[in-house]
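# Examining the three-dimensional arrangement
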Amino acid sequence: MLRFLSERRGWVFAVFVALMLVVGLWRWGAPRAAARASILISDRLGVDAHIDQARLSFGGVELGGVEVRGRHGGFVVRIDQVDARMSLLGAVFSGAQSVREVSARGVAVTVDLTHEGLDNSISELRSHTFGSKPTPVVGSASSRGRGRAYAIDDLTVHVADSDGSLLSMTNVSLHKEGDDLLASFVDTLLGEKNADHAAVGPSKLVLSRQDGEWKVRELEIDGASVRSLHDGEGKERPLATRLRQALSSLRPNTGTGTDTGTGTGTGTGTDTGTDTGTDTDAD
């Protein structure tokens, strides 16, 4: 009996010591969590990240005042609050794989297409995000899993080019759970009201993943209008031209000969020669 009580006191003391260690680590790590999270986001995405505050709990991590900027400028993402649901014990052994759900509220995305560093910022973001990850095989077991749940609420997007506002979206929400993705938009405006523009009212889009591919399951649009005021001969560019140039600037450079630096030396040089007369010079 005395031996049992002695062993019991030993277990109680061990649990008390373990609890004190957890509390101590908690108090030591909490003030450093924001700085550590900023470094992790910066290294993982190839951006400059700053986080005002971070709160730890046994259910996950909550970040407040998140700001992400392109390392060379051109885009800024500000987030009021980010919640990552996970087991802290699982995070110790599994890292980011232990995250079950990620949600963000109050997200504002601003992109300046005229910024000289935008291309380099996007290239660095793309290389860090996709460069080190293997391409999943369509229809594989990993692509059929439910994966994490994601939720973004109160999202606004603003994209500007040399002519002014190109894209404005307000009150956007994105929710992904399992193999379903639901997106809703309150107001979307391409261009500006006093120029070429396309306005879309409240809309809802539902995508479903089948055999590793996302397909449209439902689309609802409550009102849309398109107005063209320019014919391309004026000083301001038509909306269609602005959109094409914006998409081409954001598209990854595949190096297929579209760059001016490579086109004059090899295959594309014969095409330009027929127009400018360089063939006669070569002869």
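Notes on the structure follow.

Procedures and definitions
Residues numbered from 1 in each chain as written. Predicted model: local features only at pLDDT ≥ 70, side-chain atom pairs only at ≥ 80, totals over all residues. Heavy atoms only, no water. Helix = DSSP H or I, 4+ residues; strand = E, 2+ residues; numbered from the N terminus. Buried < 20%, exposed > 50% of the residue type's maximum accessible area, 1.4 Å probe, protein only. Contact = heavy atoms within 4.5 Å. Areas by Shrake-Rupley, 256 points an atom, 1.4 Å probe, with all protein chains shown as cover. Pairing = 2+ DSSP bridges. Patch = residues over 30% accessible without salt bridge, like charges linked within 9 Å, V, L, I, M, F, W, Y side chains within 5 Å. Salt bridge = Lys/Arg side-chain N within 4 Å of Asp/Glu carboxyl O. Expected span 1.5 Å × (residues − 1). Arc of directions from axis to C-beta.

### As for the overall build of the chain
- A count of helical and extended segments in the chain gives seven helices and 12 strands.
- In the chain, which comprises 283 residues, the share counted as buried stands at 29%.
- A sequence separation of at least 24 residues applies to 50% of the contacts in the chain between residues at least 6 apart.
- Summed over its atoms, the accessible surface of the chain is roughly 18700 Å², and 58% of this surface lies on carbon and sulfur atoms.

### Considerations on the pairing of strand β11 (residues 213-221)
- Note: strand β10 (residues 203-210) against β11, eight bridges, orientation antiparallel. The residue of β11 that forms the bridge with Leu-205 is Leu-219.
- The loop that links β10 with its antiparallel partner β11 comprises two residues; one of these, Asp-211, has a positive phi angle of about 55 degrees.

### Brief notes about a nonpolar patch on the surface
- Taken together, the side chains of Val-216, Leu-219 and Ile-221 define a hydrophobic patch exposed on the protein surface, amounting to about 310 Å² of accessible area.
- Take Ile-221: it is sitting in strand β11.

### Things to note about helix α3 (residues 118-130)
- Taking 1.5 Å per residue, 13 residues should reach 18 Å; α3 reaches 18 Å between its end C-alpha atoms and fits that length.
- Those residues of α3 lying buried are Leu-118, Ser-121, Ile-122, Glu-124 and Thr-129. Axial view of α3: buried residues confined to an arc of 160 degrees, hence all on one face.

Any functional reading would require information beyond the geometric quantities listed.
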